Amino acid sequence: MPARKIIIDTDPGQDDAVAILLALASPDEVDVLGITAVAGNVPLDLTVRNARVICELAGRQDVKVFAGCDAPLERPLVTAEHVHGRTGLDGPSLPDPAMPLQDRHAVDFIIDTLRDEPAGTVTLCPLGPLTNVATALRRAPDIAERIGGIVLMGGAYFEVGNITPTAEFNIYVDPHAAAEVFACGAPITVLPLDATHKALVTKARNDAFRALGTKVGVAVAEMTDFFERFDKEKYGSDGAPLHDPCVIAWLLRPDLFSGRHVNVEIETASELTLGMTVADWWGVTDRAPNATFIGDLDADGFFALLTERLARL
Ligand SMILES: [Ca+2]
């Protein structure tokens, strides 16, 4: 099987960083055509920087990184420095990137790539707010039927929200973009908090990253050390959930995950539940299924995969 061509759309973010590293460590399975940065966890100037910091950490200055949208479609930007720190990548001390940023806008790159590559062969992997993807769909509706799949981290149903009582951060930041993406007709797989909150970095799992003894292993351990203080205080959990790497792990080992093909709609009108992913898990409506909503993962299998792949960098 040839490697699956992917575009990683991202707002790094320590967990985005680990997702990018996992993808770059897995060239037999995924071919990263480009990384498109979007505003989210931190403003765009920082996500553009952080994406390149991580490529350089992986020794991959050749990866194409594009700057995308700096604000949601219809709302002011909400960021998450309270989780990720001022830079978005707080924890390890990593050098400023020297590799270039591409000239083209991220949205143009997404459109051009989907038009240039054979239909159905490019998978979009959004790890942040869906602004870049929705903007591409608005500007070039013809690309919707050319998308091989959209595998995204976002949303929550039984686990409920992490930024409001009902909404998960990525969807909440740009609910209008999310609504358009979920309505676009492309095959969608959702890694919501229901699944990602089971991917907890316990001390033993973080020690395994550090014990790799490599630049990458130590940096991932230090990122997780920083990132986890927030979730430990909030949820009383053993460690931080590695949300975004679940997207790449699903591409590599879908057998580690289980979910249901259901209808998922995005609330865009209610101030109280804005950005809620209303998943018809029990099939109580006649709305057509539009997404595979992942509900569970094999956490030990996930961390074994992640550690084994990070060791390759
Ligand atoms: Ca993210």
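Look up a bit, the structure's there.
Definitions and cut-offs
Residues numbered from 1 in each chain as written. Predicted model: local features only at pLDDT ≥ 70, side-chain atom pairs only at ≥ 80, totals over all residues. Heavy atoms only, no water. Helix = DSSP H or I, 4+ residues; strand = E, 2+ residues; numbered from the N terminus. Rg over C-alpha atoms; globule rule 2.2 N^0.38 Å. Buried < 20%, exposed > 50% of the residue type's maximum accessible area, 1.4 Å probe, protein only. Contact = heavy atoms within 4.5 Å. Areas by Shrake-Rupley, 256 points an atom, 1.4 Å probe, with all protein chains shown as cover. Lys, Arg positive; Asp, Glu negative; His and termini not counted. Charge placed at Lys NZ, Arg CZ, Asp CG, Glu CD. Donors = N, O, S within 2.8 Å, 3.2 Å for Na, K, Ca; no water. Salt bridge = Lys/Arg side-chain N within 4 Å of Asp/Glu carboxyl O. Pairing = 2+ DSSP bridges. Axes fitted to C-alpha atoms, helices over the stretch in contact; angles between N-to-C directions. Disulfide = S-S within 2.5 Å. Parallel < 35°, antiparallel > 145°, perpendicular 65-115°, else oblique. Left-handed = near helix turned anticlockwise from the far one by under 90°. Nonpolar A, V, L, I, M, F, W, Y, C, P; charged D, E, K, R; others polar.

## Some words on the overall build of the protein chain
Helix and strand counts for the protein chain stand at 12 helices and 10 strands. Over its C-alpha trace the protein chain gives a radius of gyration of 18 Å, about what one expects of a compact globule, namely 20 Å for 313 residues. In terms of overall dimensions, the protein chain has a C-alpha envelope of 50 × 45 × 40 Å along the principal axes. Taking all 313 residues of the protein chain together, the buried fraction comes to 60%. For the protein chain, restricting intrachain contacts to residue pairs at least 6 apart in sequence, the fraction spanning at least 24 positions comes to 82%. For the protein chain, the computed accessible surface area is about 11900 Å², with 52% contributed by carbon and sulfur atoms. Of the side chains in the protein chain, 26 bear a positive and 45 a negative charge, and the two mean positions are spaced by 3 Å.

## Notes on the coordination of the calcium ion
Bound to the calcium ion on the protein side are D11 (OD), D16 (OD), D16 (OD), L127 (O) and D244 (OD), at distances that span 2.2 to 2.6 Å. For D16, a relative accessible area of 0% corresponds to the buried category. When its relative accessible area of 1% is taken as the criterion, L127 is described as buried.

## Observations regarding the pattern of salt bridges
Counted by the stated rule, this structure contains 16 salt bridges. A salt bridge links R104 to D112, with the shortest nitrogen-to-oxygen separation between them at 2.8 Å. What makes R104 partly exposed here is its relative accessible area of 38%. Assessed through its relative accessible area of 26%, D112 is described here as partly exposed.

## Some points on the environment of Y157
Residue placement: Y157 occurs in the loop between strand 5 (147-153) and helix 6 (169-173). According to the relative accessible area criterion, Y157 is partly exposed, its value standing at 25%. Counting along the chain gives 27 residues from Y157 to C184, while the straight-line C-alpha distance between them is 21 Å.

## A word on the sheet that holds strand 3 (residues 65-67)
Reading across the sheet, the 8 strands line up as 3-2-1-4-5-6-10-7 and stay open at both edges, with mixed pairing between neighbours. Across the chains shown, the open sheet's two edge strands, defined by having one partner strand only, are strand 3 and strand 7 (257-262). Mean inter-strand twist for the sheet, computed between neighbouring axes without regard to direction, equals 25 degrees. By the bridge criterion, 7 bridges tie strand 1 (residues 4-10) to strand 2 (residues 30-37) in an arrangement that is parallel. The partner of K5 across the bridge, within strand 2, is D31. Packing of helix 2 (residues 44-57) onto the sheet brings it into contact with strand 1, strand 2 and strand 3, and relative to strand 3 it is tilted by some 180 degrees.

## Let's talk about the state of the cysteines
On inspection of all chains with the given rule, the structure shows 0 disulfides. With no disulfide partner, C55 has as its closest neighbouring cysteine sulfur the one in C125, 14 Å distant. Unpaired in this structure, C246 has its nearest cysteine sulfur neighbour in C125, at a distance of 13 Å. Residue classification places C246 among the buried residues on the basis of a relative accessible area of 0%.

## A few points about the packing of helix 5 (residues 131-139) against helix 7 (residues 175-182)
Relative orientation of the contacting elements helix 5 and helix 7 amounts to 55 degrees, with a least axis distance of 8 Å. On the basis of the axis angle, helix 5 is oblique to helix 7. Seen from above, helix 5 lies across helix 7 with left-handed handedness. Of helix 7, the residues touching helix 5 (which contributes T131, V133, A134, L137 and R138) are A177, E180 and V181. Each residue belonging to the contact of helix 5 with helix 7 can be placed in one class, and the counts come to 5 nonpolar, 1 polar and 2 charged.

Bear in mind that shape data such as this cannot, by itself, settle questions of function.
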